[in-house]
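A closer look at the structure
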Amino acid sequence: MISVVDVRKVFNAGKANEYIALDGVQLDIEKGRITVIKGPSGSGKTTLLSVIGCMARPSSGRIRLSGVSVEGIPDDEGYVETTSLPERFLTQIRRKTFGFIFQQYNLVAGMTVIENVMLPAYPTGEAYSAVRNRAEDLLKIFGLYSRLDAKVQWLSGGESQRVSIVRALINNPSGIIADEPTAHLDTKLSSEFMNIIESLNREGRTIIIASHDPVVCESSVIHRVVEMRDGKVIR
Amino acid sequence: MNSRIEIQRNILDFTLSSLLRRKTKNAVLMVVFTIVVFMLASIIFFTNAVKREAVAVLQNSPDIVVQRLSAGRHDLIPADYIKTITDMKGVVSVKGRHWGYYFEPAASANFTLVVPDDGGEEGRIVAGKGVSRTMRAGDGDILPLKSYKGEWVVLSIKGVLKSDSELVSSDLIEISEKDFRKIFGIPKDRFTDLSVTVRNPKETLTIAKKIKDSFPDTRPILRSEVLRTYDSLFNWRSGLLLIIAAGAVLAFIIFAFDRASGLSAEERREIGILKAIGWETSDVIAFKFWEGLVISLSSFMAGIILAYFHVFVAYAPLFEPVLKGWAVLYPEFRLVPFIDPFQIATLFFLTVLPYTAATIIPSWRSAVVDPDQIMRSQ
Amino acid sequence: MILHPAIIALYLSSFISVALLIYSSSFAAMILRKWDIGSGSELQLSLERRTYLISVILSYLFFFQFLSLFLFIYTADNLHNLFTGSMCAAGTLNVNQYGYPVLVLKIVNFILAGVWLIINRIDISAHDYPLIKNKYSLLLFVAPLMIAESALQTAYFMGLNADVITSCCGSLFSSDSTNITSEIASLPSLQAKAVFYISMTLTLAAGIVLCYKNKGGLLFSILSLLSFVISVAALISFISLYYYELPTHHCPFCILQSEYGYAGYYLYLTLLCGVVTGIGAGIAGRFSNIKSLAPVILVIQKKLIIASLLSYGIFTAIVTLKMILSDFILEGY
Ligand SMILES: Nc1ncnc2c1ncn2[C@@H]1O[C@H](COP(=O)(O)OP(=O)(O)OP(=O)(O)O)[C@@H](O)[C@H]1O
Ligand SMILES: [Mg+2]
């Protein structure tokens, strides 16, 4: 469970170009469910995801995560408050808790599929061979095993998307955060993506997707749609 | 603990693959770095080796050399000074020495004529390698020298000097006392200077003072003094060369700083991705650290190895033009290879340290990009 | 003034260190005034990012300081030919009044930089950075010392005058002159050995107590600092004699030369390592009551104690072995 309490995110505070991207967001996201955040462009979806996903700190308000344990961070009643943690600790939590899938795939060109997939595990200190085995297993599941040593720039859009999903799963996170994951996919690939999401959810992962793609928002597999406008949750 | 090593291993792994992915860009940097190290290392190796040679030669020079000065100019010293000095307490022996410079107009070269300790064999000489080379005369050949009166003194070469240190012996001619006096027109009771051997090195200074007191027209020169002069001369020379080379180092540092701060869009995106997928700022800093270490250490090593070959195997061909100015008889150096940790440490300080310092801030700057930035770049 | 490549190198490194430190100090001052970990403001975020830079700078500085300490001694050693009466670094350092102060400051700054890194390491292992103010106050304390070191070093090299007749290890560290080092040298060797072994034993005992009872952190710090000083004195007083196999040569520098297999380097290395981790361990103990540090502090402290005791242990072992295996018999001199 993730609870977001009265979170504000202000860019360029105190300057002429001050911008309030999140304005008192109040939201509970249930564990093990698929939640979609929907809203027009500029409404703050990406900002909210980055704040929830420990990528950025809110200007004020609190975010509490349950089921997280990181050395040196106190938790009360099973919750960890991430709001005032320094980046160093936020990153540790993020690595364990969330896998990220981006609109742009964001694979590192020039590296092979397997290297890209293993990248998030490098700073965890896990043994190389263990990570490699897990990566190969995951690539098999996603039908990418034959492309193991291909450079990522030669992959098709759908393959790239699946590589980025495997990369998000490599540290075995309990949650997946996806920002506009289907923006570059056609309808068929988009619904395939939703099938993958469903299977990940069935493994017990909490999934949060920001999207205004009807294939996602109207999909039967999702549990809840949250609507945003001008930095506020309206429904 | 173990996992911390594993983290660094993984990051180093990534660093290497990232360096390989940008081969050309990094190769340019490394080549420039290597050239800078090569230059400085050549200067340091060369001056140190030459200094060692000179010191080695001076090591067997006499404790005190006594010269006579008249009107501030070096003059021949009378033989009867020998007796007085020998009688001084603490003096083991005093020898009169003959040596002088001879100008050979045909080759426009200067030779150093020396009478060996055993007095030499009349009519025959031993020539240094440089002499033999310039005059195209070897074993058994005839070498005529013109005396101060303009008469020819015909000498035959009975051997060519073989010496480790060509720097000093190259222009040498060992000649008999008689021939020497004939060429320079030196009276029987005069020597070029005197060499004094002292029993206890600690008394050298006292004895020198005593000589100066007894013969106010002499100038005693201590070996330690000469050594010291040589030492500081060579230190100055290499220091000066280094300061001249400092311009190159500075240019390189600016170049490296520029490189490190002006990341390409590609590299920026890559670091953005790393941060977004869970690399922490200090992981990226570690990546940048390894990158700098690999680049600087490999360039450093390459530069040093190249300099070693340049100075000790190829005998510093790049310095030849500079050194040729020193003497017409340019000796073909056979420098004894010599490198100590001190020289390496100095080189490290002069090259790797400023490079590292110049890249600290740029690499930190590239490491602190917002992790969520990548989600917005379209 | 002498223009030697190594002197240029030392100038360069001290210039770089001072520049980096002044840069860091300005942020240290800002952090001391504006730090507020609970705030999500952009200022706080940018300060937090600065802390990474300053850690990196200090790590490099620690490394540079370490190298420059040895390069400095090595340079002094290398230049001894230039000064009448000088046989090794001892004489060159004695050419003017700045030589020894520079050496002492170099050691002090090295230790301080090491302690800073230890405090930093402890600090960043807790989520609220509880030692941030201590850390940056210490940095502001180190900066002037480093600047002083650099200034004195410049004065020292500028004042190196080849005409000076200096006195070297023969007289500086001999038993017949009347300064502090010669008093160390003239200590009867049995007493000196006793003091050395007692101080090492006490440090060991304090370390064990600190490790298991978590008591006496300050004492351990002081003892490890004392052990460092006493060990250097012991080097002058009797250890060096076993290396030189001469009953009167008490020099702490000659031992760094290649004739003695660079033995000095690992001896001094273990000592420096011992004192930095030792002081660090004691300081770590002082923070054990901070709540957020509680889960990690004892682990870190234990590691530091072990590192310190191990370093001193290796030093003692090497020295003891040398004394046992050497044919040279000291007692009676
Ligand atoms: N670093 C920043 N500085 C200033 N303004 C920013 C910054 N990041 C985001 N914003 C602004 O915050 C607002 C919300 O951005 P966000 O990316 O969260 O919107 P979004 O809902 O994801 O839109 P889209 O559907 O187009 O992706 C935008 O107007 C954006 O311009
Ligand atoms: Mg968006």
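Small disclaimer: the values here were computed from a predicted structure and weren't measured.

**Examining the interface of chain C and chain B**
Every contact between the two is made by 36 residues of chain C and, on the other side, 38 residues of chain B. Contact between chain C and chain B buries roughly 3300 Å² in total, counting both sides, with carbon and sulfur atoms accounting for 74%. Among the residues of chain C in contact with chain B, L3, R49 and Y52 of chain C are the three that bury the most area, contributing 20% of the side total. Across the contact surface, chain C and chain B share 1 salt bridge. A salt bridge links R49 of chain C to D370 of chain B; the shortest N-O distance between them is 2.9 Å. Inspection of the region where chain C meets chain B yields 4 residue pairs in polar contact (both at pLDDT 80 or more). Listed by contribution, the elements that provide at least two residues to the side of chain C that touches chain B are helix 1 (5–34) and helix 2 (42–78) of chain C.

**Comments concerning the sheet that holds strand 1 (residues 2–11) of chain A**
All names here are of chain A. With antiparallel pairing, 4 strands are arranged side by side in an open sheet as 2-1-4-5. The outermost strands of the open sheet, each flanked by one partner alone, are strand 2 (19–29) and strand 5 (79–81). This sheet shows a mean twist of 25 degrees between the axes of neighbouring strands, independent of strand direction. Summarising the sheet, strand 1 and strand 2 pair through 8 bridges and their orientation is antiparallel.

**Observations regarding the site of ligand 1**
Surveying the vicinity of ligand 1 reveals 15 residues, the closest of which are S41, K45, T46 and T47 of chain A together with R376 of chain B. Residues within reach of ligand 1 are spread across chains A and B. In the environment of ligand 1, an oxygen atom lies 2.4 Å from a nitrogen or oxygen atom belonging to the side chain of S41 of chain A. Counting residues per element, the ones that place at least two in the shell around ligand 1 are strand 2 and helix 1 (45–52) of chain A. Looking at the shell around ligand 1 element by element, the count peaks at 3 residues for helix 1 of chain A. When its residues are assigned to classes, the shell around ligand 1 shows 4 nonpolar, 8 polar and 3 charged.

**Observations concerning the interface of chain A and chain C**
Counting from both sides, the interface comprises 18 residues of chain A and, opposite them, 16 residues of chain C. Carbon and sulfur atoms supply 45% of the area that chain A and chain C bury against each other, a total of about 1400 Å² over both sides. At the junction of chain A and chain C, the tally comes to 2 salt bridges. Residues E48 of chain C and R57 of chain A are paired through a salt bridge, measuring 2.7 Å at the closest nitrogen-oxygen approach. Counting across the interface, chain A meets chain C through 6 residue pairs in polar contact (both at pLDDT 80 or more). Every element with two or more residues in the side of chain A that touches chain C is listed here: strand 1 and helix 2 (87–97) of chain A. Among the elements that take part in the side of chain A that touches chain C, helix 2 of chain A stands out by supplying 3 residues, more than any other. Among the residues making up the side of chain A that touches chain C, the classes are represented as 9 nonpolar, 4 polar and 5 charged.

**With respect to the packing of aromatic side chains**
Any two aromatic rings considered together are summarised by their centre-to-centre distance and by the angle between their planes. Evaluation of the coordinates by the stated rule reveals 38 aromatic pairs over all chains. Relative to F110 of chain C, the ring of F62 of chain C has its centre 4.8 Å away and its plane inclined at 15 degrees; by these criteria the two rings are stacked. With F62 of chain C in helix 2 and F110 of chain C in helix 4 (residues 99–123), the pair connects residues that are 48 residues apart, well separated along the chain. On the basis of relative accessible area, F62 of chain C is assigned to the partly exposed category, the value being 24%. Take F110 of chain C: its relative accessible area is 5%, and that puts it in the buried class. Above the ring of Y79 of chain A, the side-chain terminus of R64 of chain A is found at 4.5 Å from the ring centroid. Positioned above the aromatic ring of F72 of chain C is the side chain of K106 of chain C, whose terminal nitrogen or guanidinium carbon lies 5.4 Å from the ring centre.

**Digging into the pairing of strand 8 (residues 142–146) of chain B**
Residues and elements named next belong to chain B. Here strand 8 shows a buried face lined by L143 and L145 and an unburied face lined by I142, P144 and K146. Taken together, the 5 bridges between strand 8 and strand 9 (residues 152–160) define a ladder with antiparallel strand orientation. Bridging across to strand 9, P144 finds its partner in V154. Connecting strand 8 to the antiparallel partner strand 9 that follows it, the hairpin turn spans 5 residues, and G150 within it adopts a positive phi of roughly 95 degrees.

**Notes on the pattern of salt bridges**
Under the criterion given, the structure shown has 32 salt bridges over all chains. For R202 of chain A, the salt bridge goes to E198 of chain A, with nearest N and O atoms at 3.7 Å. You can see R202 of chain A and its partner E198 of chain A sitting in helix 6 (residues 187–202), 4 residues apart, about one turn around the helix. Classification of R202 of chain A as exposed rests on a relative accessible area of 62%. The partner of E270 of chain B in a salt bridge is R22 of chain B, with the nearest N and O atoms 3.2 Å apart.

Parameters and conventions
Residues numbered from 1 in each chain as written. Chains lettered and ligands numbered in written order. Predicted model: local features only at pLDDT ≥ 70, side-chain atom pairs only at ≥ 80, totals over all residues. Heavy atoms only, no water. Contact = heavy atoms within 4.5 Å. Buried area = accessible area lost by both parts, 1.4 Å probe. Salt bridge = Lys/Arg side-chain N within 4 Å of Asp/Glu carboxyl O. Polar contact = N/O pair within 3.5 Å; in protein donor to acceptor, adjacent residues only side chain to side chain. Helix = DSSP H or I, 4+ residues; strand = E, 2+ residues; numbered from the N terminus. Pairing = 2+ DSSP bridges. Axes fitted to C-alpha atoms, helices over the stretch in contact; angles between N-to-C directions. Near = heavy atom within 4 Å. Nonpolar A, V, L, I, M, F, W, Y, C, P; charged D, E, K, R; others polar. Phe/Tyr/Trp six-rings, centres within 6.5 Å; stacked < 30°, edge-to-face > 60°. Buried < 20%, exposed > 50% of the residue type's maximum accessible area, 1.4 Å probe, protein only. Lys NZ or Arg CZ within 6 Å of the ring centre and 35° of its normal.

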